[in-house]
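Here is how the chains run, residue by residue.
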Amino acid sequence: MHSFLITGGNLNQRQTHIASLLAAWNVSPFDLVTVEEAGPSIGINQVRELQHRLLLMPINSPVTALVINHADLLTTEAQNALLKTLEEPPPHAKVILESQTSDVFLPTVLSRCQLIGLGNMATYDQKEILQCIDTLKYLSQASVGKRLKKIDEMAKNKTGQPPGLI
C-alpha cells in the first residue's frame with residue numbers, strides 16, 4: 001500500500017506515528033514533501049503542485065513521501081484531484097494524510113488509503129460544542145434554502161467550526 005490515512009488520537013500521537021513511518025522508509029528531509037495548514041482550506045491548485053513534486057525521483061531515499069497535515073482541510077475538488085495519485089502513485093512515492101477524523105473525506109478517498117486509527121478522538125472544548133448546538137438550532141428552524149446555503153458554507157470552509165449564523 002502506498003497511501004495512508006492516519007486518524008484519531010491527538011495531533012502529537014499522529015505526528016509521532018508519521019515520524020515512525022518515515023523512519024521505517026528511510027525518508028530523508030530532501031525527499032519529504034509536507035503540507036501544513038496554510039489557510040482555511042487546502043485547494044485543488046495546492047494538490048496539483050504536490051502531484052508534480054511527487055513525480056520527482058527521490059534524492060537520498062528509496063521513496064519520496066508526501067505528508068498532508070490537517071488533510072481534513074482538503075476541499076472536495078482537491079480530494080477529487082488527489083484520487084488518481086492515491087490510487088496509482090508513482091512507484092517511488094508514499095502518501096500520508098493526517099486528520100483528526102475520517103468523516104470529512106470522500107468515500108473514494110477512504111477506499112484508496114490504508115486507514116490507521118490511533119484510538120479516541122480528541123475532545124472538544126465547551127465553546128466548540130456550543131457553536132455546534134447553535135448551528136443545529138439554526139438549521140432546525142431555518143427554511144430549506146437557508147439550510148442548504150449554511151451546509152454549503154460549512155462544507156466549503158472545512159475549518160471544523162461552523163461559520164457565523166446568517
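Now for a look at the structure at hand. These numbers were taken from a predicted model, which means no experiment stands behind them.

1. What to know about the overall build of the protein
Point 1. Looking only at helices and strands, one finds 6 helices and 5 strands in the protein.
Point 2. Start at the N end of the protein and walk to the C end: the helices and strands fall as β-α-β-α-β-α-β-α-β-α-α.
Point 3. Out of the 166 residues belonging to the protein, those deemed buried represent 39%.
Point 4. Sequence separation of at least 24 residues holds for 80% of the intrachain contacts in the protein that already meet a minimum separation of 6.
Point 5. Surface exposure of the protein reaches about 9500 Å², of which carbon and sulfur atoms provide 57%.

2. Regarding the packing of aromatic side chains
Point 1. Counted by the stated rule, this structure contains 1 aromatic pair.
Point 2. Their ring planes at 40° and their centres at 5.5 Å tell us that F4 and W25 sit as a pair that is tilted. Of this pair, F4 sits in strand β1 (residues 3-9) while W25 sits in the loop between α1 (11-24) and β2 (32-35); the two residues are 21 residues apart in sequence, bridging distant segments of the chain.
Point 3. Relative accessible area serves as the criterion here: at 7%, F4 is assigned to the buried category.
Point 4. Relative accessible area serves as the criterion here: at 16%, W25 is assigned to the buried category.
Point 5. The cationic tip of K150 hangs over the ring face of Y138; the distance from NZ or CZ to the ring centre is 5.4 Å.

3. So, the nonpolar core
Point 1. One finds L66, I68, L74 and L97 to be the most contacted residues of the largest nonpolar core, which totals 23 residues.
Point 2. Put simply, the parts of the chain that give this core at least two residues each are β2, α2 (44-55), β3 (64-68), α3 (76-87) and β4 (93-98).
Point 3. Of all the elements, α3 adds the most residues to this core, at 5 residues.
Point 4. Core analysis: the next-biggest nonpolar cluster, separate from the first, contains 12 residues, F4, I18, W25 and V67 among them.

4. Here we look at α2
Point 1. End to end, α2 covers 17 Å across 12 residues, agreeing with the expected 16 Å (1.5 Å per residue, within 8%).
Point 2. Within α2 the residues assigned to the buried category are V47, L50, Q51 and L54. One side of α2 carries all its buried residues, which in axial view fall inside an arc of 105°. In α2, the exposed residues that point more than 90 degrees away from the buried face are N45, E49 and H52.
Point 3. Buried-residue contacts for α2 involve β2, β3, α3 and β4.

Conventions used here
- Residues numbered from 1 in each chain as written.
- Predicted model: local features only at pLDDT ≥ 70, side-chain atom pairs only at ≥ 80, totals over all residues.
- Heavy atoms only, no water.
- Helix = DSSP H or I, 4+ residues; strand = E, 2+ residues; numbered from the N terminus.
- Buried < 20%, exposed > 50% of the residue type's maximum accessible area, 1.4 Å probe, protein only.
- Contact = heavy atoms within 4.5 Å.
- Areas by Shrake-Rupley, 256 points an atom, 1.4 Å probe, with all protein chains shown as cover.
- Phe/Tyr/Trp six-rings, centres within 6.5 Å; stacked < 30°, edge-to-face > 60°.
- Lys NZ or Arg CZ within 6 Å of the ring centre and 35° of its normal.
- Core = buried A, V, L, I, M, F, W, Y, C linked by side-chain atoms within 4.5 Å.
- Expected span 1.5 Å × (residues − 1).
- Arc of directions from axis to C-beta.

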